[in-house]
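Chains, contacts and geometry: an overview
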Amino acid sequence: MLSLLLIRNKTKKIKKEVGSLQRVYNFSAGPAVLPAEVVRTVQEELPSYRRSGMSIMEISHRSSLFTDLQETAETDLRKLMQIPDNYDVLFLQGGGTLQFAMTAMNLAVKTKRVGFIDSGHWAQRAMEETALVKGTKAVVIASSKNQKYTQLPKIEPITGQFDYLHLTVNNTIEGTMYHQIPAELKKFPLVGDLSSIILGYNYQVTDFDLIYAGAQKNIGPAGLTVVILKHELLQNAPELPAMLSYPKQVQKHSALNTPPVFAIYVAGLVFKWLLAQGGVAAMQEKNEQKAQLLYAEIENSKLFKSPVAVEDRSLTNIPFVTGSAQLNQLFVAEAQAVGLLNLKGHRSVGGMRASLYNAMPLAGVKRLVEFMQEFERQHGGRN
Ligand SMILES: *Cc1c(COP(=O)(O)O)cnc(C)c1O
């Protein structure tokens with residue numbers, strides 16, 4: 001009797017430990033945290049999607065089960081971002097990285113010149129890929145490279161002919177973002193890489209001619225890329241292999257081959273979750289609150305510093321450093337031990353980076369701030 005009780009208690013304890021293990025705070029820049037409710041729904045629905053007797057991963061992409069879910073996902077995304085009717089929505093593959101080239105293949109058709117705002121790592125990658133598209137010229141029109149991308153480039157009046165301009169709206173690695181789209185850029189067709197800020201800040205779709213975002217940061221699992229583009233852009237696109245052609249993808253509703261069914265399904269659940277949270281405006285407010293909490297801690301601290309210019313700071317990706325590489329390393333390791341995960345900064349910046357996407361709860365940021373204070377009491381100037 002006694003031993004039975006003992007075993008029962010032990011099991012309870014293990015269960016509790018596993019339970020707490022599941023509640024780590026994941027600060028990864030991507031693939032990133034998903035809403036816990038969404039993950040639970042996936043678990044519940046997995047064996048039999050809508051009483052089909054099959055999981056979502058096993059159903060036909062030509063079945064109404066799937067086409068209905070894709071239509072609903074698109075409708076919800078349109079609602080969330082107030083996407084006008086003259087924009088098409090695509091669910092593609094290949095990540096943000098394929099869009100670096102696909103945009104050029106489809107849109108750089110007249111002058112074959114694309115203007116880039118060189119705001120960091122991902123802008124550079126976009127430029128390199130665009131320049132590899134035959135006949136296309138990638139032109140830097142503004143850069144903050146000399147400031148090590150710790151601030152956004154200053155944009156002067158733009159002269160010259162461009163088929164479009166390219167803007168990385170949130171710089172995931174360096175931690176800068178455009179809180180407003182500079183008016184000067186709107187004089188040209190504008191392509192926006194919103195990979196790490198989409199649905200987290202209330203941008204106007206109509207400020208852009210094309211928006212793209214890899215899903216694995218603020219939307220859903222990897223393997224899905226959302227593209228939102230003005231319908232009239234399709235008119236001038238050249239003949240291209242089907243998978244690389246926006247017009248052909250639009251014509252076939254993103255299903256000219258087998259689409260990433262599971263990723264679209266999870267993205268659809270995230271869209272429903274966002275609508276239930278009050279939409280993008282409500283998310284922006286929460287994101288501002290979370291970011292403010294962390295930035296205030298960094299400002300108040302004697303140990304931690306932000307390398308980023310105050311006015312250009314990102315809401316979703318927040319780098320910070322101590323003065324010592326060893327302390328940075330220790331911070332990341334000790335944080336991990338208490339369930340604050342993936343705080344290591346990108347290798348090009350070093351230090352730490354906390355990504356506070358939509359699905360990161362305020363409680364996670366509070367826990368991080370507490371931990372920073374404990375760490376500073378032990379290792380830094382504060383008492
Ligand atoms: C992560 C990221 C990319 C690359 O995305 P993939 O989907 O991995 O190709 C591009 N742009 C930005 C701003 C990113 O944060």
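By convention here, each chain's residues receive numbers from 1 onward along its written sequence. Local features in this predicted model are restricted to residues whose pLDDT is 70 or higher, and side-chain atom pairs enter the listing and the counts only when it is 80 or higher, whereas totals over whole chains, interfaces and linings include all residues. Side-chain numbers come from the whole structure's heavy atoms, not from hydrogens or water.

This part is about the environment of Met177. Strands are runs of DSSP state E lasting at least 2 residues, helices are runs of H or I lasting at least 4, and numbering of each runs from the N terminus. Position of Met177 relative to the elements: it lies in strand β7 (residues 176-177). Note on Met177: relative accessible area 0%, which makes it buried. Here Met177 is in contact with Leu152, Val169, Asn170, Ile197, Tyr201, Tyr203, Asp312, Arg313, Ser314 and Leu315, once residues within four sequence places are set aside. Throughout, exposure labels follow a simple rule: accessible area from a 1.4 Å probe, protein chains only, divided by the maximum for the residue type, with under 20% read as buried, over 50% as exposed, and the rest as partly exposed. Residue contacts follow a heavy-atom distance rule, with two residues in contact if any of their heavy atoms lie within 4.5 Å.

A few words now on the domain arrangement of the protein chain. Many analyses report the size of an interface as the accessible area lost when the parts associate. In terms of domain boundaries, the protein chain breaks down into domain 1 (4-28 + 278-379) and domain 2 (46-277). For domain 1 versus domain 2, the distance between C-alpha centres works out to 28 Å. The interface is formed by 29 residues belonging to domain 1 together with 26 residues belonging to domain 2. Across the domain 1/domain 2 interface, buried area totals approximately 2,200 Å², and carbon plus sulfur atoms make up 53% of it. We define buried area as the total accessible area lost by two parts upon association, computed with a 1.4 Å probe and summed across both. Counting the surface domain 1 buries against domain 2, the share from its top three residues, Val280, Asp312 and Tyr357, is 26%. Take a side-chain nitrogen of Lys or Arg and a carboxyl oxygen of Asp or Glu: if they are within 4 Å of each other, that pair is a salt bridge. Viewed at the interface, domain 2 and domain 1 are joined by 0 salt bridges. Going through the elements one at a time, α9 (279-300) and β11 (317-320) are the ones with two or more residues in the side of domain 1 that touches domain 2. The greatest single-element share of the side of domain 1 that touches domain 2, amounting to 10 residues, is contributed by α9. All residues other than Ala, Val, Leu, Ile, Met, Phe, Trp, Tyr, Cys, Pro, Asp, Glu, Lys and Arg, Gly among them, are scored as polar; the first ten of these are nonpolar and the last four charged. Class assignment for the residues of the side of domain 1 that touches domain 2 results in 13 nonpolar, 10 polar and 6 charged. A domain assignment, automatic or from a database, supplies the domain bounds used here.

Okay, the pairing of strand β4 (residues 137-143) next. Two elements, strand β3 (residues 113-118) and β4, share 6 bridges in a ladder whose sense is parallel. Across the sheet, residue Gly115 finds its bridge partner in β4, namely Val139. For the handedness criterion, the strands are oriented away from the viewer, and a crossover whose path from the first strand over the helix to the second runs clockwise is classed as right-handed. Tracing the backbone out of β3, into helix α5 (residues 121-131) and back to the parallel element β4 gives a crossover that is right-handed. Only when DSSP finds a minimum of two bridges between them are two strands counted as paired.

Residue proximity to a molecule or strand is established when one non-hydrogen atom of the residue lies within 4 Å of it. Around the ligand there are 13 residues in total, and Gly96, Thr97, Thr172, Asp193 and Lys217 lie nearest to it. Interatomic distance of 2.7 Å between a side-chain N/O atom of Lys217 and an oxygen atom of the ligand. The leading source of residues in the shell around the ligand is helix α4 (residues 95-107), at 4 residues. Across the shell around the ligand, the residue classes break down as 2 nonpolar, 9 polar and 2 charged. Think of a polar contact as two N or O atoms within 3.5 Å of one another; within protein, one of them needs to be a possible hydrogen donor and the other a possible acceptor, and neighboring residues in sequence only count if both atoms come from side chains.

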